[in-house]
Amino acid sequence: MKIHFIYGTESGNAQYLCDDFKDATPENFECEISEMNNVDATNLDGDTFYVIVSATFGTGDVPSTAEDFYDDLLEEKPDLSHIKFAVFGLGDESFGETFAQGSQKLMEAMLDCKAHMIGERGIHDASGSLPPEVAGLPWWEGILAKITA
Ligand SMILES: Cc1cc2nc3c(=O)[nH]c(=O)nc-3n(C[C@H](O)[C@H](O)[C@H](O)COP(=O)(O)O)c2cc1C
């Protein structure tokens with residue numbers, strides 16, 4: 001199986017987390033990491049498992065590096081019924097009700113296009129003391145267990 005980690009970031013954490021996820025993935029998987037805007041939301045591959053890793057910016061918005069992908073989902077509404085994906089969000093709880101809304105918006109847009117979500121959305125809170133990988137790696141191990149079961 002192919003795994004494509006696609007990140008939306010402003011300051012790099014989501015991208016670094018994709019590196020950590022890839023390093024924690026067994027070698028029999030073919031892994032790729034891309035900025036989300038470099039992935040065509042209207043042409044996703046049914047043989048690939050997509051892992052969306054996204055921060056939140058502005059006021060609960062997707063980062064600029066994910067905007068094109070997100071807009072294509074909303075405007076083009078591709079049929080993603082052949083696509084499986086998982087979502088991990090980065091945010092900061094001190095932003096209140098917009099906490100981790102960027103990843104929430106991407107998740108909802110994928111579901112609206114009929115893609116199949118595996119597992120629960122993972123979340124990292126930057127206002128806490130733990131680095132993203134401490135929250136992220138156990139979540140990723142759980143997703144890996146589901147897709148290999
Ligand atoms: C200008 C700015 C706006 C932000 N807005 C939000 C927000 O609305 N909600 C939220 O949960 N986090 C918000 N954050 C926090 C980031 O999502 C968080 O720090 C994240 O870990 C950054 O990840 P990145 O390095 O991949 O960009 C904001 C951060 C900045 C600098």
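So, here's what we can say about the structure. The structure presented is a predicted model; accordingly, all values stated were derived computationally and were not measured. (Residues numbered from 1 in each chain as written. Predicted model: local features only at pLDDT ≥ 70, side-chain atom pairs only at ≥ 80, totals over all residues.)

1. Examining the site of the ligand
Around the ligand, a shell composed of 22 residues is seen, among which Thr9, Ser11, Asn13, Ala55 and Gly91 lie nearest. When residues of the shell around the ligand are traced back to their parent elements, those giving at least two are helix H1 (13–23) and strand S4 (84–91). In terms of residue class, the shell around the ligand is made up of 9 nonpolar, 11 polar and 2 charged. (Near = placed C-beta within 6 Å. Helix = DSSP H or I, 4+ residues; strand = E, 2+ residues; numbered from the N terminus. Nonpolar A, V, L, I, M, F, W, Y, C, P; charged D, E, K, R; others polar.)

2. Regarding the packing of H1 against helix H4 (residues 132–148)
H4 packs onto H1 with a crossing angle of 45° between their chain directions and a minimal axis gap of 10 Å. Judged on the interaxial angle alone, H4 and H1 are oblique. Crossing handedness for the pair H1 and H4: right-handed. Between H1 and H4, the residues in contact are Asn13, Leu17, Asp20 and Phe21 and Pro132, Glu133, Gly136, Leu137 and Trp140, respectively. Residue classes in the contact of H1 with H4 are distributed as 5 nonpolar, 2 polar and 2 charged. (Axes fitted to C-alpha atoms, helices over the stretch in contact; angles between N-to-C directions. Parallel < 35°, antiparallel > 145°, perpendicular 65-115°, else oblique. Left-handed = near helix turned anticlockwise from the far one by under 90°. Contact = placed C-beta atoms within 7 Å.)

3. What to know about the environment of Ala14
Within the secondary structure, Ala14 sits in helix H1. Owing to 30 C-beta atoms within 10 Å, Ala14 belongs among the buried residues under this scheme. C-alpha separation for the pair Ala14 and Asp40, spaced 26 residues apart in sequence, amounts to 19 Å. Once residues within four sequence positions are removed from consideration, Ala14 is found in contact with Tyr7, Gly8, Thr9, Val53, Ser54, Ala55 and Leu90. (Buried ≥ 20, exposed ≤ 12 C-beta atoms within 10 Å, placed from the backbone.)

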